[in-house]
Amino acid sequence: MLRKEQNDLLTQTGPGTTMGRMFRCYWVPALLASELPENECPPVRVKLLSERLLAFRDSQGRYGLIDEFCAHRGVSLWFGRNEENGLRCPYHGWKYDHTGQCIEVPSEPVESGFCKKIKLKSYPLIERGGVLWTYMGPPAEQPPLPEWEFASVPANHRYVAKRSQECNWLQAMEGGIDSSHVSFLHSGELNHDPLFKGTKGNQYNLGDLKPHFEVVESPGGLYIGARRNAEKGGYYWRITPWVMPSFTMIPPRGDHSVHGHFWIPVDDENCWAWSYDYRVTKPLSAAEVQAMDAGKGVYVNFVPGSWRPAANKDNDYLVDRAAQKAGRTYSGVAGIAMQDASLQESMGPIVDRAKENLVSTDNGIIMARHRLLRAAKALAEKGTLPPGRDPEHQRVRSAAVVLPADQPFKDAAKDALVARAGVAHTSV
Amino acid sequence: MPSESARATTAAEARFRIDAPNSQPRCVMVVALDRPSETVVKRLAKLPWSRAGFFTASSFASTRPQSGAGFSMQGWLSDLAGRTKDLIDEVAAADLVVMVASAGEDAQAASLIGEACQLRHVMTTALVLGGSQTAGEATSAQLRPFADMLVVAASEDYIADMLTALRA
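Residues numbered from 1 in each chain as written. Chains lettered and ligands numbered in written order. Predicted model: local features only at pLDDT ≥ 70, side-chain atom pairs only at ≥ 80, totals over all residues. Heavy atoms only, no water.

Asker: What is the right way to read the sheet that holds strand β8 (residues 102-104) of chain A from this model?
Answerer: Strand-to-strand pairing in sheets goes through backbone hydrogen bonds, with the strands running parallel or antiparallel. Residue and element names in this part refer to chain A. The strand order β5-β6-β7-β8 describes an open sheet built from four strands, whose pairing is antiparallel. The open sheet has two edge strands, β5 (81-82) and β8, and neither has a second partner. In this sheet, strand β6 (residues 87-88) lies alongside β5 in antiparallel orientation, the contact comprising two bridges. Note on β6: the bridge partner recorded for Arg-81 is Arg-88. (Pairing = 2+ DSSP bridges. Helix = DSSP H or I, 4+ residues; strand = E, 2+ residues; numbered from the N terminus.)

Here you go:
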């Protein structure tokens, strides 16, 4: 459980909030690069950390992320004209460059210099790994550019997608570090999903429903190890890194590509669930990409023209009670992503953690909250910048490995937990 | 007509969630396995708890012979006032046993406590506090066979947060 004031602190990320200040210490994914596919393409509305913004790509290919609303009369610049190195408000022709600087006010004499006095709030927006990242904090504290491994491999080695999720970021993120639910909620997919099935690791998963856990602090966050019984007294370990504030990488399965997530607050009652898949040593196959496009693995199908999953709360997530009864799915909802999202959204927009009853196997979640609270407090009281900004903290990997019983995962799998160019993930 | 899920998951509907206790207090037995941990546990015991009991097994290492027979099951587990306690009775009354060890210290008392928990089907969580990675691993290795959950924490503050989260 968390006290109400702790829950409020962790779940509120708007401007001026403690956790909002902390999120504004990081580069966060803002939108897919494919959403701004060419120079002078239509702008895209982006809501992040309870701020309404507008992303656009100007005539020179420069990315801008600026206040959505024109400084003149407050209309949305989403209706604007993206032309000649700027975004022009269609109401009275005010024009802004990619930094939010007003560069033209047609009704005022150019000589007056009036437009120089007008500037919209803006944030840097850079492309890495098919994702446009933004940093929304003080310029003086801007961290190095993001160094996540999935973003550094060749484009045909990775797949990145996002979907909207209709709940607070924290309850979505906590699902990502809760290893013990996999053997239940996702048990059907371990046998049937083309991006999961057919690995030895799945047999260990399904054969031992009471894993033992170890939680170890890392410089950037945590490693959460789940061990299950394997042959000859050995243990099958699934090791999940969590890097502050909201990055996780799921342990790989066999030769399947490895995947993971970011959970980024849209506002306090909605978040973006970012998902990535990648393989270091070879490209994703056409069949894998096709399966991801089709909503398999950790991906979903969308309501056309939106990032909202086709199975959503308005249609009860297309729950199929017959499939649930037959054991094809455990909850009746199809697909790993929506199995998670449906349950997390069912908690309500912001779950009341004063009512929960955690057990000892929830220590990964408890430790993550502890670290977030500790870092947020240190930032608020002493100005100490939080972990997870350092590129070294970001060069982490998940791993799945069978180890002798007397070997701790943190040591035995030490090399497997660090990103290494040209070396495949350690997987079973 | 909105679906049941759409209606039920709104913030407005959250007002109608039943506001009644959904659990009974859990009895958590917290055991310090060594002298430095005992100091930590004594500080912890001064905080307000519902059903947490605090003990020390720090005399285990001095009581237990280095090898061979002759070890007595009695006398090495005590409450923080120094009163000897019966391990089996205490474990039987607990919903969860939390063993607290300091990195680099002898944590062999975990073996007896762990076996008692297995006998009584009580979950065990082991916490290793501070110290270097090498020292922490030596201690973790002693705890691992007897802990359902093992946590290596940099700060002793974590214990209080964990016990609060578990409604101790």
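Asker: Hey, could you run me through the interface of chain B and chain A in this one?
Answerer: It is common to give the size of an interface as the accessible area lost on bringing the parts into contact. Chain B puts 36 residues into the contact, and the matching count from chain A is 35 residues. Of the roughly 3200 Å² buried between chain B and chain A on both sides combined, carbon and sulfur atoms contribute 48%. In this structure, the connection of chain B to chain A is made through one salt bridge. Between Glu214(A) and Arg144(B) there is a salt bridge whose closest N-O contact spans 2.4 Å. (Contact = heavy atoms within 4.5 Å. Buried area = accessible area lost by both parts, 1.4 Å probe. Salt bridge = Lys/Arg side-chain N within 4 Å of Asp/Glu carboxyl O.)

Asker: Honestly, the environment of Met292(A) in this entry has me stumped. Any pointers?
Answerer: Residues and elements named next belong to chain A. One can find Met-292 in helix α7 (residues 286-293). With a relative accessible area of 1%, Met-292 lands in the buried category. Separated by 132 residues in sequence, Met-292 and Val-160 place their C-alpha atoms 9.5 Å apart. Each residue touching Met-292, except ones within four places of it in the same chain, is listed here: Tyr-159, Leu-195, Ser-257, Asp-277, Leu-284 and Tyr-299. (Buried < 20%, exposed > 50% of the residue type's maximum accessible area, 1.4 Å probe, protein only.)

Asker: What is the right way to read the packing of aromatic side chains from this model?
Answerer: The geometry of an aromatic ring pair comes down to the distance between the two centres and the angle between the two planes. Residues and elements named next belong to chain A. Taken as a whole, this structure holds 19 aromatic pairs over all chains when the rule is applied. Their ring planes at 90° and their centres at 4.8 Å tell us that Phe-23 and Trp-169 sit as a pair that is edge-to-face. Note that Phe-23 is positioned in helix α2 (residues 18-23) and Trp-169 in helix α3 (residues 169-176), a separation of 146 residues in sequence. For the pair formed by Phe-23 and Trp-169, the shared burial category is buried. With a centroid separation of 5.9 Å and an interplanar angle of 5°, the aromatic rings of Phe-247 and Tyr-276 are classed as stacked. (Phe/Tyr/Trp six-rings, centres within 6.5 Å; stacked < 30°, edge-to-face > 60°.)

Asker: Even after reading the chapter, I still don't get a nonpolar patch on the surface, so can you show me in this structure?
Answerer: Together, Phe184(A), Leu209(A) and Tyr330(A) make up a nonpolar patch on the protein surface, roughly 290 Å² of accessible area in all. Tracing the backbone through its elements, the reader meets Phe184(A) in helix α4 (residues 182-185). (Patch = residues over 30% accessible without salt bridge, like charges linked within 9 Å, V, L, I, M, F, W, Y side chains within 5 Å. Areas by Shrake-Rupley, 256 points an atom, 1.4 Å probe, with all protein chains shown as cover.)

Asker: Honestly, the pairing of strand β19 (residues 399-403) of chain A in this entry has me stumped. Any pointers?
Answerer: Residues in a regular strand project their side chains so that they alternate between the two faces of the sheet. Residue and element names in this part refer to chain A. Counting buried positions along β19 gives four out of five residues, so the element sits mostly inside the fold. Direction of pairing for strand β15 (residues 235-243) relative to β19: antiparallel, over a ladder of five bridges. Its bridge partner being in β19, Ile-239 is matched across the sheet by Ala-399.

Asker: Any chance you could explain the pattern of salt bridges here in plain terms?
Answerer: Any two side chains of opposite charge can pair, given that their charged atoms come close. All names here are of chain A. Summed over all chains, the structure comprises 33 salt bridges over all chains. Salt-bridge contacts for Arg-128 lead to Glu-147; the nearest nitrogen and oxygen are separated by 3.6 Å. Of this pair, Arg-128 sits in strand β10 (residues 125-128) while Glu-147 sits in the loop between β11 (131-135) and β12 (158-165), and the two are 19 residues apart along the sequence. Lys-200 is the partner of Glu-231 in a salt bridge, and the nearest nitrogen-oxygen pair spans 2.9 Å. Highlighted residues: Glu-231 in the loop between β14 (221-229) and β15 and Lys-200 in helix α6 (residues 200-207), separated in sequence by 31 residues.

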